[in-house]
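Survey of secondary and tertiary structure
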Amino acid sequence: MTTGTDARLDRIGTDGNYVIVPMDHGITIGAVQGLKDIESTIDGITRGGADAVLTQKGIAPRVHENKNGKGYIVHLNGSTSIGPDENDKRPTGTVEDAIRVGADAVSFHINVGSDHEPDQLSQLAEVTSTADRFGIPVLAMAYARGPGIDSEDPEALGHAVRLAEELGADIVKTGYSGDADSFQHVVDSTRLPVVIAGGARGTDRETIEMVRGAMDAGGSGISMGRSIFQHEDPEAISTAVSGVVHDDLSVDEALREAGLALEA
Ligand SMILES: CC(=O)[C@@H](O)[C@H](O)C[C@H](N)C(=O)O
Ligand SMILES: O=CC(=O)COP(=O)(O)O
């Protein structure tokens, strides 16, 4: 039987793999490149092959007409980089708000290892309970972040993704541990589809190598923001990422197909 959650998961992915572009960073770091004219960025990345875009609820009116029929996820917490503690993500909306503005799924960020982990843990558990009542999928953004925490440590990342499954999420996003071998431990820690964040923008080759490594480790795609929306050609980099996630292309094939330079 196909549940409402299954049906909506199909709207934000393709055959169980996901190319999701989060653009909720306006709260965290402001209206950086790619977010000012968010309408044209959304148009480009969805033309390029992204399955879904993700924003805070207030941006919803700028999303729907520009997403070329692709999926839409509303993010439900946030913090700023200039406030007292960036790890202290606070609720910014509810599952009901997300449904009202036309979301196909919701997402929630938890910093495992931070001082705010206990609050975020119970908030995520509440989000998954409510989402389950409505049949709407939850993408948990489960980072390893906090005092003394190595945010690329495969053990910590494995713990974070497992926690997301224990709390009832449907997909989990986490940081990349740096290579396919170590990331396999992260993927093996849960039965959930695991997708990777991108972090600060690198070169095109670095971005695509990271995506290839995650897929080789058994990952299910990406939820990459800055590497895609800050790119001077969001459509091209989305095409390259999608080529790896959906068409199993090599790094060189993906860069070539997208018309991007092969060198780093
Ligand atoms: C700006 C960052 O450090 C990112 O990794 C964020 O934590 C990701 C997130 N989507 C955000 O901007 O809050
Ligand atoms: O919502 C934020 C993310 O999923 C990841 O953003 P990044 O800019 O790729 O780190």
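Predicted, not measured: the structure shown is a model, and the values here were computed from it.

1. A look at the site of ligand 2
Inspection of the region around ligand 2 gives 13 residues, with H25, K173, G199, G225 and R226 positioned closest. Within the backbone of G198, one N or O atom sits 2.9 Å away from an oxygen atom of ligand 2. Between G199 and ligand 2, the recorded distance is 2.9 Å, taken from a backbone N or O atom to an oxygen atom. Protein chains bury 96% of the 300 Å² of accessible surface belonging to ligand 2 in isolation. The site holding ligand 2 turns out to be the largest pocket. Tallied by class, residues from the shell around ligand 2 come to five nonpolar, five polar and three charged.

2. Considerations on the UniProt feature "binding site: 1-deoxy-D-threo-hexo-2,5-diulose 6-phosphate" (unreviewed entry) in the protein chain
Taking the numbering used here, the UniProt-annotated feature "binding site: 1-deoxy-D-threo-hexo-2,5-diulose 6-phosphate" (unreviewed entry) corresponds to D24, H25, G26, I27, T28, Y143, A144, R145, G198, G199, G225 and R226. Among the residues just listed, D24, H25, T28, Y143, R145, G198, G199, G225 and R226 line the largest pocket. Inspection of the secondary structure puts A144 in strand β7 (residues 138-144). When its relative accessible area of 2% is taken as the criterion, A144 is described as buried.

3. What about helix α6 (residues 154-166)?
Its 13 residues give α6 an end-to-end C-alpha distance of 18 Å, which sits within 8% of 18 Å, the value for a rise of 1.5 Å per residue. Residues of α6 that are buried include every one of A156, L157, G158, A160, V161, L163 and A164, and no others. Where α6 is buried, its residues meet β6 (105-112), α5 (117-134), β7, β8 (171-174), α7 (180-187) and β9 (194-196). Count one or two residues on from α6 and you reach G168, which has phi positive near 95 degrees.

4. Regarding the pattern of salt bridges
On inspection of all chains with the given rule, the structure shows 13 salt bridges. Here R90 and D88 are joined by a salt bridge, their closest N and O atoms 2.9 Å apart. Overall, the relative accessible area of 51% leaves R90 in the exposed class. Among the ionic contacts, a cluster of salt bridges with common partners joins K57, D97 and R100.

About the cut-offs
Counting restarts for each chain, with residues numbered from 1 along the sequence as it is written. To label them, take the chains in the order written and letter them from A, then take the ligands in the order written and number them from 1. The model is predicted, so local features are restricted to residues of pLDDT at least 70 and side-chain atom pairs to those at 80 or more, both for listing and for counting; the totals for chains, interfaces and linings are taken over all residues. Just so you know, side-chain values use all the structure's heavy atoms and leave hydrogens and water out. Only a single heavy atom is needed: when it lies within 4 Å of a molecule or strand, its residue is near that molecule or strand. In protein, a polar contact requires one atom able to donate a hydrogen and another able to accept it; more generally it is a pair of N or O atoms within 3.5 Å, and residues adjacent in sequence count only if both atoms are side-chain atoms. Using the Shrake-Rupley algorithm and a 1.4 Å probe, accessible areas are obtained, with residue cover drawn only from the displayed protein chains. With a 1 Å grid spanning the protein atoms alone, the term cavity applies to any set of points in which a 1.4 Å probe fits but cannot get out, the term pocket to an open set with protein on both sides within 12 Å along at least five of seven lines, and the term lining residue to any residue with an atom within 4 Å of a point. More than half of a molecule's atoms lying within 2 Å of a cavity's or pocket's grid points is what places that molecule inside it. Classification convention: Asp, Glu, Lys, Arg as charged; Ala, Val, Leu, Ile, Met, Phe, Trp, Tyr, Cys, Pro as nonpolar; all other residues, Gly among them, as polar. UniProt positions are given in the numbering used here, feature names are shortened, and annotations may be inferred rather than shown by experiment. Strands are runs of DSSP state E lasting at least 2 residues, helices are runs of H or I lasting at least 4, and numbering of each runs from the N terminus. Relative accessible area decides the class of each residue, using a 1.4 Å probe on protein chains only: under 20% of the type maximum gives buried, over 50% gives exposed, and in between gives partly exposed. To estimate how far a helix should reach, multiply one less than its number of residues by 1.5 Å. Residues count as neighbours in contact if any of their non-hydrogen atoms are within 4.5 Å of one another. We define a salt bridge as a contact between a side-chain nitrogen of Lys or Arg and a carboxyl oxygen of Asp or Glu at a distance within 4 Å.

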